[in-house]
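Read off the chains here:
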Amino acid sequence: MQSHELMREVLRKASAKTIAADLGLSLSMIYKWAEEDEKDGSGSVNPLDRVEALIRSTKDRRLVQWICERGGGFFILNPKHNNPHPEFLIPATNEIVQEFADLLAVIAIAASDNQITSKEAKDIRARWEELKSVTEEFVACCEEGNFASLKEKPPTLPAKM
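Residues numbered from 1 in each chain as written. Predicted model: local features only at pLDDT ≥ 70, side-chain atom pairs only at ≥ 80, totals over all residues. Heavy atoms only, no water.

(A) Focus on the packing of helix H6 (residues 89-111) against helix H7 (residues 118-143). Packing of H6 against H7 brings their axes to within 9 Å, and their N-to-C directions diverge by 165°. The orientation of H6 relative to H7 falls into the category roughly antiparallel. Like other packed secondary-structure pairs, H6 and H7 cross with a definite hand, here left-handed. (Axes fitted to C-alpha atoms, helices over the stretch in contact; angles between N-to-C directions. Helix = DSSP H or I, 4+ residues; strand = E, 2+ residues; numbered from the N terminus. Parallel < 35°, antiparallel > 145°, perpendicular 65-115°, else oblique. Left-handed = near helix turned anticlockwise from the far one by under 90°.)

(B) Highlighting a negative patch on the surface. A contiguous patch of negative charge on the surface is contributed by Glu5, Glu9, Glu36 and Asp37. Assignment of secondary structure puts Glu5 in helix H1 (residues 3-13). With relative accessibility at 31%, the residue Glu5 sits in the partly exposed group. (Patch = residues over 30% accessible without salt bridge, like charges linked within 9 Å, V, L, I, M, F, W, Y side chains within 5 Å. Areas by Shrake-Rupley, 256 points an atom, 1.4 Å probe, with all protein chains shown as cover. Salt bridge = Lys/Arg side-chain N within 4 Å of Asp/Glu carboxyl O. Lys, Arg positive; Asp, Glu negative; His and termini not counted. Charge placed at Lys NZ, Arg CZ, Asp CG, Glu CD. Buried < 20%, exposed > 50% of the residue type's maximum accessible area, 1.4 Å probe, protein only.)

(C) Looking closely at the layout of surface pockets. There is about 290 Å³ of room inside the second largest pocket. As for the second largest pocket, its lining consists of Met1, Gln2, Ser3, Leu6, Pro47, Leu48, Val51, Glu52, Ile55, Val64, Ile67 and Cys68. Counting residues per element, the ones that place at least two in the lining of the second largest pocket are H1, helix H4 (47-58) and helix H5 (62-70). In terms of residue count, the dominant contributor to the lining of the second largest pocket is H4 (5 residues). (1 Å grid on protein atoms, 1.4 Å probe; cavity = no way out; pocket = protein on both sides within 12 Å on 5 of 7 lines; lining within 4 Å. Points joined across faces, edges and corners; volume = space filled by probe spheres on them.)

(D) Fine view of the nonpolar core. Membership of the largest hydrophobic core is limited to 9 residues, which are Leu89, Ala92, Ile96, Leu103, Ala110, Ile124, Leu131, Val134 and Phe138. The set of elements that each furnish at least two residues to this core consists of H6 and H7. The biggest single contributor to this core is H6, with 5 residues. When residues no more than four places from it in sequence are discounted, the contact partners of Leu131 are Ile96, Glu99, Phe100 and Leu103. Core analysis: the second largest hydrophobic core is formed by 8 residues, Met7, Leu11, Ile19 and Ala34 among them. (Core = buried A, V, L, I, M, F, W, Y, C linked by side-chain atoms within 4.5 Å. Contact = heavy atoms within 4.5 Å.)

(E) A nonpolar patch on the surface, seen in detail. On the surface, Met1, Leu6, Val10 and Leu48 cluster together into a nonpolar patch covering about 350 Å² of accessible area. Judged by relative accessible area, Leu6 falls into the partly exposed class, the value being 35%.

Put into structure tokens, the structure is as follows:
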């Protein structure tokens, strides 16, 4: 979806007049954001396009994280699709378990004195975000069928000695 298309959908539910007043802009500017921005078109570069350009220019994901937090959510990077083979399943599972263990360790250390400082809270948040990202990557790979061949062949058991 293009940014102007999203703006058009947003304006179906939100009042352009209210947005213009809240942002101190003209009503026509708000409507121009919902038009395609072509060299000969009447649209205007909207804030979504500018944020995208800023992220592309800085390559700093903290901008996206900040926006997500302001919206009441969090940012999870899309999974890397460079390990589609079933051999990656066990290491991927181990990575999730390790990230969870790391999160629990940070929580245990922080809570050991029966209080959580703001720095400790930030450390806990960082570990939690990492766990969510690793788990999302794993789940997305599963949903795409990257590990489907494991269902077809039973696991091999080690030979008895």
